[in-house]
Amino acid sequence: MTEPSGETAPEAPEDVAPTEDVREDVRQGAAEPEEPGTAEEPAPGEEPAPAEEPASAEESTSGEESATGEESPRAGEPTPAQEPAASEESDGPAAGDAAPESESEPEGPDAAQASPEPAGTEPGADGGAVAETSDTPELSDAQAELAAQRELRARIEARKAEKEGPLASGAKLSGTAADLLAAVRAVEGGTASGSAFYEAPAPAPRRTTPEAAPAMTVRPPVPAQAPAPAPGTTAAVREVLAKGGAPEALAGQVAAALGEGAAQALLDDPWQLLAVSGVRPEQADGFARALLGAACGPDDPRRTVALTVWLLERAALQGHTALEIDAVRAGLARHAVPDAGSAVEEAVSAGAVLVFQEEEPAEGDHEEDEEDEGHEEALGTAETAAEPASPVLLGLDRYALAEESLADGLARLVKTATADTWEGSELERAAGAHGLVLHTGGEASRAEPVALAAAARAHGLRTLVAVHADGGRRALGPAGTDAVTVAALLSGAAGPGRDEEGAFALDLLVVLDAPQLDVETAAMLVESLPDGCRLVLSGDPAVLGAPGAGQVFGDLLAARVCPRIASRVPDPGPLGELVSGIGAGELNQVEAPGKEIVIVPVRDAGEAVHRTVQLVADSVPRAIGVPAEQTQVVTVGHGGSAGTRALNTALKQRLNPGPGRFGGYDPGDRVAYAPVPGRTVTGTVVSADAEGLRLRCGDEELLVPKERVESALRHGWALTAHQAAGLRWPAVVVVLPGDAAGGLSRPWVYTAFGRAERHLSVVHGVDQALPRAVAEGTAPERTTRLRPLLEALLAVPEE
C-alpha cells in the first residue's frame, strides 16, 4: 500500500501503468532499428561516429558478439571518453535544445541486423547509439550474416581450445594477477619472503583488548537541504512564471530545482516546470502554451523527454528504480503523445533516461559450455536469437548508479571479510564467518542483533548499531544509548569518525529496521564501510517497504547470496499474537483481558473522526493509563474525510487549540517534519523566530526554515503507516474509515497494528475489507535491478 504524500510514497499514479510482462514487445523491439543503445560502446579514447550515420553490418556483428557473453561496460559507468558528455547531460537535455529527431536513428536493411542491447550497456554520451568506425566496404545482409557466423564459430572453437589446453605460465595475466604470480614465483625461488608482498599485516578478526582508534577526521553534518537560491534567481523565475500564468509561489521551488539559470531554462523549455514536485503535465502544458504559443505541440521533443522523466520520477515515489518499457509507453500515450515509441527513443537519445536488460544469472559452471554449443544452432533462427533474458527496463541514472554502487559495495564486503569462528548464538556464528548477514524477525527479535553488537564490542571490535528513526533508538532501552540513526551516521552528526579515505572506523555495523533502507541511502552507507567490515541487516520483511525508491532488504533476501538467520523469538502478549497472525495472512480473534486490543465500530467518516478524538483525549488515558501525548493515530492517507489532515485539525482543536500564528502552528503542536523526502521526524513545536520554526525532536532541537514550513511540515497527531514505520508508541489508534478500504493491504495492516506497544484501538468502518486485505492484499511488486546485479556478482554455483 502506498500513500499520497510528498514525503512518503504517494498513491500509484494513473499515468504509470502497472508493470506487466512485456516479453512479446521486447522480442519485437530487439530487432527494431529504432531501439537505442544497441551498438557496442567504443573503447576508451576512440571517437564515436555520429548518431545520424546508419548502422553498418559491422554493428550487427559486434552486437552478436556481445551476446556470447563478452564483458561490456555496466550501465551508469561511461567509458573515460564519454564521461565529460555524460556529466553534462545528467540533468536532461539542455534548455531550448531539441533532442535529435527519431528519423536520425538507423534505418534500412543493415539496421535490421542490430541485436538487442547487451545487459549493462548504456547509450553514448550524446544520447545516441555509438557505432564503431570502420574502413571496410559496406556488406550485404547475407555477407554480414555469414561473416558473423564465421567469426562466432571461430571464437567458440578458440574458447573451447583454451579450456582443454594447459594455461601457459603467466600468459594473459596483467595488473594485480600478474603481480601476484610474480610474488608467488619469488617466494618459491627463495628470493623473497612471503610477508614482503603484503602492504599491511592481515587484520585480526578479534582483538582481546580494545585498541586505540586510528586518527580520524570527523566530517561536519551535511545540511539536510540545499542552500536557498539567490534572490535574483528567484525574482527572475517569478517573472517567467507570471508571464506563463503559473503561480508565482512556485518560484523558490523552481529556482532550487533548476539552479542558477532557472529563468532562461523555463523560457527555452517550459516543460522543465515538471521538475517541481506537485506540478502536473496538464499544468506544464498550459504554461508552455502561454510562453510558446503555436510553436509547441503534443509531440514536441522537449515535452516528450520531460514527460518520460516525470513518469520515472513518479514511479520512484512508488518504490520502482526502473520501469518496463511498455509501462512508460502506456503512460506517455495517456498524455496524448502521438508516437510513444519514438518518444521513448527521444528520451534515451537525449540522455535523460537509460535502457537496461539484465542477464539471467548463471546456474552452474556447465552452462557456459552448453551456451557455446547452442550458439551454432541459434545463429540460424532469428526468433530464438532475439529471445530476451529479461524485460527491457528504463530508468534514471541516479537510481541506476545507486543500485550498481550498492551491489559492488556489498560484494566487496563479502569478499574482503576474514572468516572467523565466533561462539554464541546462530546469528553470532554467522556474523563471524561472513561479511554480510541478514536477520529477520518481529519486534522482540531486535534484541538478538543488539546482543550480537554487545558481544562483538566486548571482544574489542569497533561496533555500532544504527536504526531508522530516533524513536527506534529509544525503544532499545539502555542499549539504545550507543545507537544512532542512519541519517545521523551518514551526516556525521553521530557515530564514529571517518578515516582519511572517508570510511567509518568500524569492524561491525548492525542496521535495524533494514526494510526502511531505500537504495540511495543503502548505497551511501555501504560505500562508507571499510574493507573487511561486517554488515548485519536486521528487520521484519512483513512491514511496508522503504518510502523511497528500491527494496534493498527484500532484494537481498530474494537473491540468496548471504546467510539468512530467521529469529525464533515470538512477539509477546495479545498484540504479538494478533500481529503474527496478520503476517501469516490471518486476522484472528485474540483474547485481550487487559484491554490490549479494542475494536470501535463506526458507520461513516464523521463518526470515525469523532471517536478517534474521544479515544485519544479521554478513553485511552482513563482506561489504559497512557496520556494523549504518548498515543499515536495512524490512518491510510493524508486526504479524505478521515485522513491525516482532517484528523489533525480535530485533534489540534481538542488537545492544543490556538490561532496557528506561526504559519498555522502554535507552541505545543505535535508535528511531523520531512527534512528530505522519505524520512519523517516527529516532534513538538517549541517556538518561532525570523529564521523559522524550532522543534523539539527527542533529545535535539531542529530548525525548520520558514520557506520549508509549508512544504515539509505537517501536524503529527495523526500519521500515515509509512510515516510511522520504524517507530512505536505505548498506545496506537488505527483509523479505518469506509473510504479507506481500497488502500488496505496486508503489509499496511501489519505495519499499522504493529506500532502499538501496550494498547491498540481500531476505529473500524471497512467491514469485510479488513480481513480480505489481510488474507489477499499483498503489496504491489516493485521493479528494481539490485537482485540480478547481486546474483551476477555473488552467485554461488549449485552443487
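What this report covers is the structure whose coordinates are included nearby. (Residues numbered from 1 in each chain as written. Predicted model: local features only at pLDDT ≥ 70, side-chain atom pairs only at ≥ 80, totals over all residues. Heavy atoms only, no water.)

The helix and strand inventory of the chain stands at 29 helices and 19 strands. In the chain, which comprises 799 residues, the share counted as buried stands at 50%. In the chain, of all internal contacts separated by at least 6 residues, the share reaching a separation of at least 24 is 76%. Counting every atom, the chain has about 36700 Å² of accessible surface; 52% of that belongs to carbon and sulfur. (Helix = DSSP H or I, 4+ residues; strand = E, 2+ residues; numbered from the N terminus. Buried < 20%, exposed > 50% of the residue type's maximum accessible area, 1.4 Å probe, protein only. Contact = heavy atoms within 4.5 Å. Areas by Shrake-Rupley, 256 points an atom, 1.4 Å probe, with all protein chains shown as cover.)

Counting 88 residues, the largest nonpolar core has Val237, Leu241, Leu332, Leu406, Leu509, Leu535 and Leu537 as its most contacted members. If you tally residues by element for this core, the top one is helix H10 (residues 301–317), at eight residues. Within the second largest apolar cluster, 35 residues are counted, among which are Ile582, Val634, Trp748 and Ala756. (Core = buried A, V, L, I, M, F, W, Y, C linked by side-chain atoms within 4.5 Å.)

Right, let's get into unusual backbone geometry. Glycine aside, a negative phi is what most residues show, and trans is what most peptide bonds show. With phi around 55°, Asp513 is a residue other than glycine that occupies positive phi space. Note on placement: Asp513 falls in the loop between strand S7 (508–511) and helix H20 (519–527). For Asp513, a relative accessible area of 12% translates into the label buried. Positive phi values are uncommon outside glycine, yet Asp767 reaches one of about 55°. Of note, Asp767 is situated in the loop between strand S19 (756–764) and helix H28 (769–776). For Asp767, a relative accessible area of 55% gives the class exposed.

Whenever strands of a sheet pair, they do so through backbone hydrogen bonds, lying parallel or antiparallel. Here we have three strands laid out as an open sheet, ordered S1-S3-S2, and antiparallel in their pairing. Each edge of the open sheet carries a strand with a single partner, namely strand S1 (323–324) and strand S2 (354–356). By the bridge criterion, three bridges tie S2 to strand S3 (residues 393–395) in an arrangement that is antiparallel. Considered in S3, the bridge of Leu354 is made with Gly395. (Pairing = 2+ DSSP bridges.)

At a minimum axis separation of 9 Å, helix H15 (residues 397–416) and helix H29 (residues 786–794) run at an interaxial angle of 35°. Considering only the axes of H15 and H29, their crossing is right-handed. Within the contact between the two elements, H15 uses Glu403, Glu404, Leu406, Ala407, Asp408, Leu410, Ala411, Val414 and Lys415 and H29 uses Leu786, Leu789, Leu790, Leu793 and Leu794. Here the contact of H15 with H29 is composed, by residue class, of 10 nonpolar, no polar and four charged. (Axes fitted to C-alpha atoms, helices over the stretch in contact; angles between N-to-C directions. Left-handed = near helix turned anticlockwise from the far one by under 90°. Nonpolar A, V, L, I, M, F, W, Y, C, P; charged D, E, K, R; others polar.)

Take the packing of aromatic side chains next. This model, assessed by the stated rule, comprises zero aromatic pairs. Lying over the aromatic face of Phe356, Arg785 brings its terminal NZ or CZ to 3.8 Å of the ring centre. (Phe/Tyr/Trp six-rings, centres within 6.5 Å; stacked < 30°, edge-to-face > 60°. Lys NZ or Arg CZ within 6 Å of the ring centre and 35° of its normal.)

What follows covers the environment of Gly683. Topologically, Gly683 is positioned in strand S13 (residues 679–688). Considering only alpha carbons, one finds Gly683 and Tyr673, 10 residues apart in sequence, at a separation of 7.8 Å. If we ignore the near neighbours within four places in the chain, the residues touching Gly683 are Asp669, Arg670, Val671, Arg696 and Cys697.

Now for the pattern of salt bridges. Counted under the stated rule, the structure contains 21 salt bridges. Residues Asp326 and Arg329 are paired through a salt bridge, measuring 3.7 Å at the closest nitrogen-oxygen approach. Taken together, the residues span about one helical turn, with Asp326 and Arg329 both in helix H11 (residues 325–334) at a distance of three residues. Asp689 is the salt-bridge partner of Arg694, the closest N and O atoms lying 2.7 Å from each other. The network of salt bridges with common partners includes Glu443, Arg446, Asp513 and Arg755. (Salt bridge = Lys/Arg side-chain N within 4 Å of Asp/Glu carboxyl O.)

A separate point is the pairing of S19. Most of S19 sits out of view: seven of its nine residues are buried. Bridge count for strand S10 (residues 597–601) against S19 is five bridges, and the pairing is parallel. When the sheet's bridge partners are listed, Val598 is paired in S19 with Ser761. Bridge analysis of strand S18 (residues 729–736) against S19 gives seven bridges, and the strand direction is parallel. Looking at the pairing, Val734 lines up with Val762 of S19. As a crossover connection, the stretch from S18 through helix H27 (residues 746–753) into S19 is right-handed. (Right-handed = clockwise from strand over helix to strand, strands pointing away.)

With their axes 9 Å apart at the nearest point, H10 and helix H12 (residues 340–349) run at an angle of 85° to one another. In this view, H10 runs roughly perpendicular relative to H12, as classed from their interaxial angle. Two secondary-structure elements touch here, H10 through Pro301, Thr304, Val305 and Thr308 and H12 through Ala343, Glu346 and Ala347. Of the residues that constitute the contact of H10 with H12, the class distribution is four nonpolar, two polar and one charged. (Parallel < 35°, antiparallel > 145°, perpendicular 65-115°, else oblique.)

Time to look at the sheet that holds S13. Spatially, the five strands line up as an open sheet ordered S15-S14-S13-S12-S16, and their pairing is antiparallel. The sheet terminates laterally at strand S15 (700–705) and strand S16 (713–715), the two strands that pair on one side only. Here the strands of the sheet are splayed against their neighbours by 45° on average, with no regard to which way each runs. Bridge analysis of strand S12 (residues 670–676) against S16 gives three bridges, and the strand direction is antiparallel. From the neighbouring strand, Tyr673 faces S16, where its bridge partner is Leu713.

Attention now goes to helix H22 (residues 573–583). For H22, the complete set of buried residues consists of Pro574, Leu575, Gly576, Leu578, Val579, Gly581 and Ile582. Its buried side turned inward, H22 meets S10, H27, S19 and H28. Downstream of H22 by a residue or two, Gly585 has a phi angle that is positive, lying close to 90°.

With that out of the way, let us pick up the environment of Leu394. Tracing the chain through its elements places Leu394 in strand S3. Leu394 sits 38 residues away from Phe356 along the chain, and the two C-alpha atoms are 6.3 Å apart. Residue contacts for Leu394: discarding those within four places in its chain leaves Leu312, Ala322, Leu323, Ile325, Val328, Val344, Val348, Leu354 and Val355.

This part covers helix H9 (residues 281–292). One turn of an α-helix holds 3.6 residues; hence residues three or four places apart share an orientation. With 12 residues, H9 should reach 16 Å at 1.5 Å per residue; the first-to-last C-alpha distance of 16 Å fits that figure. For H9, every residue scored as buried is listed here: Pro281, Ala284, Asp285, Phe287, Ala288 and Leu291. Buried positions in H9, seen along its axis, are confined to an arc of 165° and lie on one side of it. Taken from the residues just after H9, Gly293 is the one with a positive phi, measuring 65°. (Expected span 1.5 Å × (residues − 1). Arc of directions from axis to C-beta.)

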